[in-house]
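# A structural walkthrough
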Amino acid sequence: MIIKRPYRLPLNILFACLLAATICSCSGGKPAEEDTAATAQTPVTVTTIGNSAMADTIELNATSTFLQKNYVKANAIGYIQKVNVQPGHYVEKGQLMFTIKTKEAQSIGNTINVLDTTFKFSGINSIRASRSGFVTQLLHQVGDYVQDGDQLAIISDRESFAFVLQLPYELRGVIANNQNLMLTLPDGEKLNGHIASLMPSVDSLSQTQGIVIKVNSNHPIPENLVAKAHIIKTAKSSAPSLPKSAVLSNETQNEFWVMKLINDTTAVKTSVKTGIESGGRVEVTSPKFTPGDRIAVTGNYGLADTAKIKIVKP
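In this report, we go over the structure that sits alongside the text. (Residues numbered from 1 in each chain as written. Predicted model: local features only at pLDDT ≥ 70, side-chain atom pairs only at ≥ 80, totals over all residues. Heavy atoms only, no water.)

### A short note on the side chain of Ser156
Positionally, Ser156 belongs in strand β10 (residues 151–157). One polar contact links Ser156 to Lys69, side chain to side chain, over a distance of 3.3 Å. Beyond its immediate stretch of four places on either side in the chain, Ser156 contacts Phe66, Gln68, Lys69, Ser132, Gly133, Phe134 and Thr136. (Helix = DSSP H or I, 4+ residues; strand = E, 2+ residues; numbered from the N terminus. Polar contact = N/O pair within 3.5 Å; in protein donor to acceptor, adjacent residues only side chain to side chain. Contact = heavy atoms within 4.5 Å.)

Take a look at the structure:
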């Protein structure tokens, strides 16, 4: 009896068949992956170049102050009988502030008038305000004994009120374009001011020069109040600009570029030079873009040169 054994392929032939099947399956998957990568598109929104007025500004502090102080002094040796002011009170020019009775009148009393009724000796001296302003210091009260020339009070001259801005000397050239400027107080109030004068000295440590700014206000402003002054360094009436988000840069911010669309599906990296930055927009000094050039404004971060994009509505 003859028993037939099942036929078995040799191992080398079986291995060759398996290898061929693996290669075919791998080669068949590559075109699909390549097609998927080729069709991947980044959604972006686009903008165009715009022309608008732009200004490069800096913000500096300006402190309110009374540039001139008037010192009220005693005009005789004696005792203060009346004080008609208090610290913080506003006084007008010529207003009675102090009454002083001389030492002699205090000692003799009414004896001279009793001896001679026509003499009319009182020994009372009146001291009046020489300027209008606020009483910032009051140094004596009723009953104090004072010498001739002793300081009684200090009046801050209202006419000398101003804000003093410490301007770095290297920026002195911007004064010509900022004769009129805006001051913003801590409570948000805005005051129109103009440069009245320049201090004749420079701080030796900070190398800043005091700029006196006069303001018009319908209410009193306290001394030592710090306001923000906006100084224009450079201004242009019409400058080509793009939104700040459209302009990309490297880590050191010494190279700038935009993603410019060459068609509806491709954006190329275009190097640009920037100028003034103001109000969320950046001036583009070169190259010169046309009004029809489209620039990616969102979705542009991290895009490579000649990136595939898809335009979406903002």
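Read on for the rest.
### Considering the pairing of strand β2 (residues 50–66)
Sheet topology places β2 next to strand β15 (residues 226–243); 13 bridges connect them, and they run antiparallel. When the sheet's bridge partners are listed, Thr63 is paired in β15 with Val226. Relative to strand β11 (residues 161–168), β2 runs antiparallel, the two sharing 5 bridges. Pairing of Ala62 across the sheet is with Leu165, part of β11. (Pairing = 2+ DSSP bridges.)

### Quick word on the layout of surface pockets
Computed from the structure, the largest pocket encloses a volume of approximately 320 Å³. Forming the walls of the largest pocket are 13 residues, and the residues nearest its centre are Arg158, Phe161, Val215, Ser217 and His219. Split by residue class, the lining of the largest pocket holds 6 nonpolar, 4 polar and 3 charged. One number sums up the size of the second largest pocket: a volume of about 210 Å³. In terms of lining residues, the second largest pocket is bounded by Lys244, Val247, Leu248, Ser249, Gln253, Phe256, Thr274, Gly275, Glu277 and Val282. Those elements that place two or more of their residues in the lining of the second largest pocket are β16 (248–249) and β18 (266–278). Per-element tally for the lining of the second largest pocket: the top contributor is β18, with 3 residues. (1 Å grid on protein atoms, 1.4 Å probe; cavity = no way out; pocket = protein on both sides within 12 Å on 5 of 7 lines; lining within 4 Å. Points joined across faces, edges and corners; volume = space filled by probe spheres on them. Nonpolar A, V, L, I, M, F, W, Y, C, P; charged D, E, K, R; others polar.)

### A short note on the nonpolar core
Residues Phe163, Leu165, Leu167, Leu183, Ile211, Ile213 and Val215 are the most contacted members of the largest nonpolar core, which totals 22 residues. For this core, the secondary-structure elements that each account for two or more residues are β2, β11, β12 (180–184), β13 (190–202), β14 (208–215) and β15. The element best represented in this core is β11, accounting for 4 residues. One finds Val91, Ala129, Leu138 and Leu152 within the second-largest nonpolar core, a separate group that totals 17 residues. (Core = buried A, V, L, I, M, F, W, Y, C linked by side-chain atoms within 4.5 Å. Buried < 20%, exposed > 50% of the residue type's maximum accessible area, 1.4 Å probe, protein only.)

### Details of the pairing of strand β3 (residues 69–73)
By the alternation rule, side chains of β3 split into Asn70 and Val72, which are all buried, and Lys69, Tyr71 and Lys73, of which none is buried. Here β3 pairs with β10 via 5 bridges, running antiparallel. Note on β10: the bridge partner recorded for Lys73 is Gln151.

### As for unusual backbone geometry
With an omega of -5°, the peptide bond running from Ser286 to Pro287 counts as cis. Within the element layout of this structure, Pro287 appears in the loop between β19 (281–286) and β20 (295–298). Its identity as a non-glycine residue notwithstanding, Gln207 has a phi of 55°, on the positive side. Relative to the assigned elements, Gln207 resides in the loop between β13 and β14. For Gln207, a relative accessible area of 42% gives the class partly exposed.

### Considerations on the sheet that holds strand β4 (residues 78–83)
Strands sit in the order β7-β6-β4-β9 across an open sheet of 4 strands; the sheet is antiparallel. Strands at the two margins of the open sheet, each flanked by one partner only, are β7 (124–128) and β9 (145–146). As paired elements, β4 and β9 share 2 bridges and run antiparallel to each other. In the sheet register, Gly78 faces β9, and the bridge partner there is Val146.

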